[in-house]
Amino acid sequence: MSGLDPFDDPVPRRVALSLDEAFRVLEAIEDARLVLRESGAAPGLQDELATVIRLLHGKLGLDEGGVQ
């Protein structure tokens, strides 16, 4: 995102999903992180995915599950 135009960011500030859609997205992100972890690839990306997983768990009112 540029410092000049706040609308330059392609990621929307809010996304509305049904509960089923949110769980599907969360599951896909968790699966992707698991594959990265098992292969020992992209530790920085693993950390970012863990952060997103924790955020989604919190928004959905869930505990952190197995995210470490």
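Reading the values: the criteria
Residues numbered from 1 in each chain as written. Predicted model: local features only at pLDDT ≥ 70, side-chain atom pairs only at ≥ 80, totals over all residues. Heavy atoms only, no water. Helix = DSSP H or I, 4+ residues; strand = E, 2+ residues; numbered from the N terminus. Buried < 20%, exposed > 50% of the residue type's maximum accessible area, 1.4 Å probe, protein only. Expected span 1.5 Å × (residues − 1). Arc of directions from axis to C-beta. Contact = heavy atoms within 4.5 Å. 1 Å grid on protein atoms, 1.4 Å probe; cavity = no way out; pocket = protein on both sides within 12 Å on 5 of 7 lines; lining within 4 Å. Points joined across faces, edges and corners; volume = space filled by probe spheres on them. Nonpolar A, V, L, I, M, F, W, Y, C, P; charged D, E, K, R; others polar.

Novice: Give me the lowdown on the environment of Ile-53, citing residues and values where you can.
Specialist: Topologically, Ile-53 is positioned in helix α2 (residues 43-59). Judged by relative accessible area, which is 1%, Ile-53 ranks as buried. A C-alpha to C-alpha distance of 9.1 Å links Ile-53 and Glu-27, two positions 26 residues apart in sequence.

Novice: Break down helix α1 (residues 19-39) for me, citing the residues and quoting the values.
Specialist: For α1, built from 21 residues, the straight-helix expectation of 30 Å at 1.5 Å per residue is met to within 8% by its first-to-last C-alpha distance of 30 Å. All of the buried residues along α1 are Ala-22, Leu-26, Ile-29, Arg-33 and Leu-36. Each buried residue of α1 lies within a common arc of 90 degrees when the element is viewed along its axis, so the set occupies one face. Residues of α1 that are exposed and point more than 90 degrees away from the buried face comprise Asp-20, Arg-24, Val-35, Glu-38 and Ser-39. Of the surrounding secondary structure, the elements contacted by the buried residues of α1 are α2. Where α1 ends, the next residue or the one after it, Gly-40, has phi of about 70 degrees, a positive value.

Novice: Lay out the layout of surface pockets with the relevant residues and their values.
Specialist: The calculated volume of the largest pocket comes to roughly 460 Å³. Secondary-structure elements contributing two or more residues to the lining of the largest pocket are α1 and α2. The residue inventory of the lining of the largest pocket, partitioned by class, reads 10 nonpolar, one polar and two charged.

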